[in-house]
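# Observations on chain architecture
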Amino acid sequence: MRKIFLTVACMLAIACTNLYDQTEAEMKAWMEYMTPGEMHKLLAKAVDSWQGKISMWIKPNAQPMQSVETADFKMEMDGRYQIGNFTGNFMGMLFNGLGIVAFDNAKKFSSAHGLIIWAQGVMTLKGTYDAATKSLNMKGKMVDPTTGKDVNVREVMKFIDENTQIMEMYDPDPKTGKEYKFMEIVYTCKQA
């Protein structure tokens, strides 16, 4: 335990020494990096409880399967991270999900990490916000449980108005490899 304490103390001493050596411009850049900005305010607008109507297509041109979910969004760590908790029932199975969305002030992109109780994996996405279309467009990877391999996935989150959001997920068709929309969730704020 003493070795761990000494290691942490040394790391803090080195970090503090480096802070004292920084220029005013470097310190300003750090402060801008650490301070929640406009994207964080946009994410904070979703803080509430939402009802989600889910449509899921198991293959292109199939009839969608329908279900509902409840999504509760909050901001954590002084407004730096949006945390979403999702609960619903799909094909007779209860599912719970956890989503974390962050915005990197330095790199100017958003990242999202999703966990679903029956999926046993983590989906990681990165992307940017398009103010003209009021949408957050992210790409990343998720595991295909039939092959055990990662596949490309794309998510578009559309901010329609203060009481409506639409999330679309796109996945490659296993037969053709072409992207198709496999899920859409229309969220309505419960307070509306």
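Residues numbered from 1 in each chain as written. Predicted model: local features only at pLDDT ≥ 70, side-chain atom pairs only at ≥ 80, totals over all residues. Heavy atoms only, no water.

## Some words on the environment of Gln-82
Convention followed: Counting from the N terminus, the helices are the DSSP runs of H or I reaching at least four residues and the strands are the DSSP runs of E reaching at least two. When accessible area is computed with a 1.4 Å probe and restricted to protein chains, residues below 20% of their type maximum are described as buried, those above 50% as exposed, and intermediate ones as partly exposed. Working rule for contacts: check all heavy atoms of both residues, and any pair within 4.5 Å makes them a contact. Pairs of N or O atoms are called polar contacts if they sit within 3.5 Å, as long as, within protein, a hydrogen donor faces a hydrogen acceptor (for residues adjacent in sequence, only side-chain-to-side-chain pairs).
You can see Gln-82 is positioned in strand E3 (residues 81–90). The buried category is assigned to Gln-82, whose relative accessible area is 8%. For the pair Gln-82 and Val-101, spaced 19 residues apart in the sequence, the C-alpha separation amounts to 5.1 Å. For Gln-82, the residues in contact, after removing those within four places along its chain, are Leu-43, Ala-46, Phe-73, Lys-74, Met-75, Gly-99, Ile-100 and Val-101. Only 3.1 Å separates the side chain of Gln-82 from the backbone oxygen of Leu-43, close enough to count as a polar contact.

## Some remarks on a nonpolar patch on the surface
The following threshold applies: Patch membership is restricted to residues that have no salt bridge and whose relative accessible area is over 30%. Joining uses 9 Å for like charges and 5 Å for the nonpolar side chains Val, Leu, Ile, Met, Phe, Trp and Tyr. A 1.4 Å probe and the Shrake-Rupley method give the accessible areas. Residues count as covered only by the protein chains that appear here. A pair is scored as a salt bridge if a Lys or Arg side-chain nitrogen falls within 4 Å of a carboxyl oxygen belonging to Asp or Glu.
Together, Trp-30, Met-31, Tyr-33 and Met-34 line one region of the surface with nonpolar side chains, adding up to about 410 Å² of accessible area. Mapped onto the elements, Met-34 comes out in helix H2 (residues 24–34).

## Quick look at the environment of Thr-35
Counting through the fold element by element, Thr-35 comes out in the loop between H2 and helix H3 (38–44). Taking the C-alpha atoms as reference, Thr-35 lies 8.0 Å from Arg-80; in sequence the two are 45 residues apart. A polar contact is formed between the side chain of Thr-35 and the backbone oxygen of Met-31, at a distance of 2.6 Å.

## Points about the pattern of salt bridges
According to the stated counting rule, one finds 8 salt bridges in the structure shown. Residues joined by salt bridges that share partners form a network here, namely Lys-158, Glu-168, Lys-181 and Glu-184.

## Digging into the nonpolar core
What counts, and what does not: Definition used in this section: a nonpolar core is a set of buried Ala, Val, Leu, Ile, Met, Phe, Trp, Tyr and Cys residues joined via side-chain atoms within 4.5 Å.
Counting residues in hydrophobic clusters, the biggest one holds 32 residues, and the most contacted among them are Trp-50, Leu-136, Met-167, Met-169, Met-183 and Tyr-187. If one sorts the elements of this core by residue count, strand E10 (residues 179–189) sits on top with 6 residues. Here Tyr-187 is in contact with Trp-50, Gln-51, Gly-52, Glu-69, Ala-71, Phe-86, Met-157, Asn-163, Thr-164, Gln-165 and Met-167, once residues within four sequence places are set aside.

Geometric descriptors of this kind do not, in isolation, establish any biological role.
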